[in-house]
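Letter by letter, the chains look like this.
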Amino acid sequence: MKPSVLSAVPELPWRFSTRTPDVDQASEQGAQTYYPLRMTVLSGSERFLMSIDAMQIGPILMGNCRFDADIKMDFAELHKFYHLNIPLSGSLNSTNLRNEITATPKRAVLYGPSGDIRLTRWSAASRILCIKIRRDALEAELRRLLQRPVHSPIDLAPSLDLTHGYGRILRDLACLLAGQIGQAEPLARQEIIGAPLWHSLLTHLLAAADHRRREELLTPGRPCRPPVVNRVIDAMRASPATVFSAADLAEIAGVSIRTLQAAFQAHVDLSPMAYLRELRLERAHAELSAAEPSRTSVAEVAHRWGFAHLGRFATAYSRKYGVRPSATLRASR
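Let me sum up the structure you'll find in this document. Everything numeric here is computed off the predicted structure, so don't read it as measured data.

1. Thoughts on helix α11 (residues 310–321)
No. 1: With 12 residues, α11 ought to run about 16 Å at 1.5 Å a step, and its terminal C-alpha atoms sit 16 Å apart, in line with that.
No. 2: Check the buried side of α11 and you find it contacts α2 (135–146), α9 (272–290), α10 (298–304) and α12 (325–331).
No. 3: Looking one or two residues past α11, G322 carries a phi angle of roughly 80°, positive in sign.

2. Focus on the sheet that holds strand β6 (residues 81–87)
No. 1: The seven strands are arranged β1-β3-β4-β11-β6-β9-β12 in an open sheet whose pairing can be described as antiparallel. Both outer strands of the open sheet, β1 (15–20) and β12 (159–161), are each paired with one neighbouring strand and no more. Taken over all neighbouring pairs, the strand axes of this sheet differ in orientation by 15° on average, direction set aside.
No. 2: The sheet contact formed by strand β3 (residues 50–57) and strand β4 (residues 60–67) spans eight bridges and is antiparallel. Each bridged residue has a counterpart across the sheet, and for A54 the counterpart in β4 is G63.
No. 3: Along the sheet, helix α4 (residues 191–208) contacts β3, β4, β6, β9 (107–111), β11 (127–134) and β12; its crossing angle with β4, the most-contacted strand, is approximately 75°.

3. Some thoughts on the packing of α9 against α11
No. 1: With their axes 11 Å apart at the nearest point, α9 and α11 run at an angle of 85° to one another. One element, α9, and the other, α11, form an angle in the roughly perpendicular class. Along the contact surface, α9 presents E278, L281, E282, A284, H285 and L288, while α11 presents F313, A316, Y317, K320 and Y321.
No. 2: A breakdown of the residues in the contact of α9 with α11 according to their chemical character gives seven nonpolar, one polar and three charged.

4. Points about empty space enclosed by the protein
No. 1: Overall, the coordinates contain two cavities of 30 Å³ or more when judged by the stated rule.
No. 2: Counted as a void, the largest cavity has a volume near 170 Å³.
No. 3: For the largest cavity, the lining is made up of 18 residues, of which Y34, M73, F75, W122 and C130 are closest to its centre.
No. 4: For the lining of the largest cavity, the secondary-structure elements that each account for two or more residues are β2 (37–41), β4, β5 (71–75), β6 and β10 (117–122).
No. 5: Sorting elements by how many residues they give to the lining of the largest cavity places β10 first, with three residues.
No. 6: Of the residues assigned to the lining of the largest cavity, the class counts are 15 nonpolar, three polar and no charged.
No. 7: Estimates place the volume of the second largest cavity at around 30 Å³.
No. 8: Lining of the second largest cavity is provided by R148, P149, V150, H151, R213, L270 and E278.

5. Describing the pairing of β3
No. 1: Most of β3 is tucked away: six of the eight residues are buried.
No. 2: As defined by bridge partners, β1 adjoins β3 across six bridges and the pair is classed as antiparallel. Paired with R15 across the strands is M55, a residue of β3.
No. 3: Between β3 and the antiparallel strand that follows it, β4, lie two residues; G58 among them carries a positive phi value of about 60°.

Conventions used here
- Residues numbered from 1 in each chain as written.
- Predicted model: local features only at pLDDT ≥ 70, side-chain atom pairs only at ≥ 80, totals over all residues.
- Heavy atoms only, no water.
- Helix = DSSP H or I, 4+ residues; strand = E, 2+ residues; numbered from the N terminus.
- Expected span 1.5 Å × (residues − 1).
- Contact = heavy atoms within 4.5 Å.
- Pairing = 2+ DSSP bridges.
- Axes fitted to C-alpha atoms, helices over the stretch in contact; angles between N-to-C directions.
- Parallel < 35°, antiparallel > 145°, perpendicular 65-115°, else oblique.
- Nonpolar A, V, L, I, M, F, W, Y, C, P; charged D, E, K, R; others polar.
- 1 Å grid on protein atoms, 1.4 Å probe; cavity = no way out; pocket = protein on both sides within 12 Å on 5 of 7 lines; lining within 4 Å.
- Points joined across faces, edges and corners; volume = space filled by probe spheres on them.
- Buried < 20%, exposed > 50% of the residue type's maximum accessible area, 1.4 Å probe, protein only.

Everything listed is a geometric property; what it means functionally is a separate question.
Next comes the structure, spelled out in structure tokens:
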């Protein structure tokens, strides 16, 4: 059957269910629920049926998905999302960034914000929890756990083990949340219950999947930051747009520049000026995400947060968030 044309993804209601035997309609509804995509039924399949039951829980879209036919799908880059597929039955073959993974009930597959994705075979009758995760939420969770800025995007490994440890708990949490989809009044939609659950799912994903900061994340915490570091961080967070020099920050700390730099490297893993740059980028990103494009420009936001050189700001922003600042501003409409 002919694959559907890629289309924009509209806003969804908080809960969404669909059943359809039509592949073109399935492509449209799959794109509405997740991402722009092309879907094709593989040869040899006599019948087709797609079923999706999905629910938004905080920054996570939890979907219980099944196809009664062998299919393939093509996605463009996810940009603003990470995605986790956990098969409850059957298997899923896919490629992303040259990684070829077969997902099974024992192994999940992960996609980051970059690189086209091809699901080369979603086996018939395979039931898969398709978990769409907002990129800013997962990266904020890692910052919260480490208590410092982190490089973006997170370099998550393309698959993770579901049979023991953090991976097994992650699978159990995902099944718990998926079980809420069909409830008349899902408890997971209540903030007091849902927020700890989705935070826990993100935390266990970061603990289960291999990435550059995983060992640090799982290692017992370092001693508390010394007062000299805390004084400087407090000053920067109180006024990130201030034109601080290394000497200014050392004076606030009451130590030499060299001593302050060594303390930051030991307890923050960044230099003081690098920490300040990351903080300014976060503030600029938040403002661009909430701004009205007709009333705000990228240059205004960059200068407001202490970036005098617009080109260097755009380069640093793109490296951290995967898109240019102008794209974030346009998306805020």
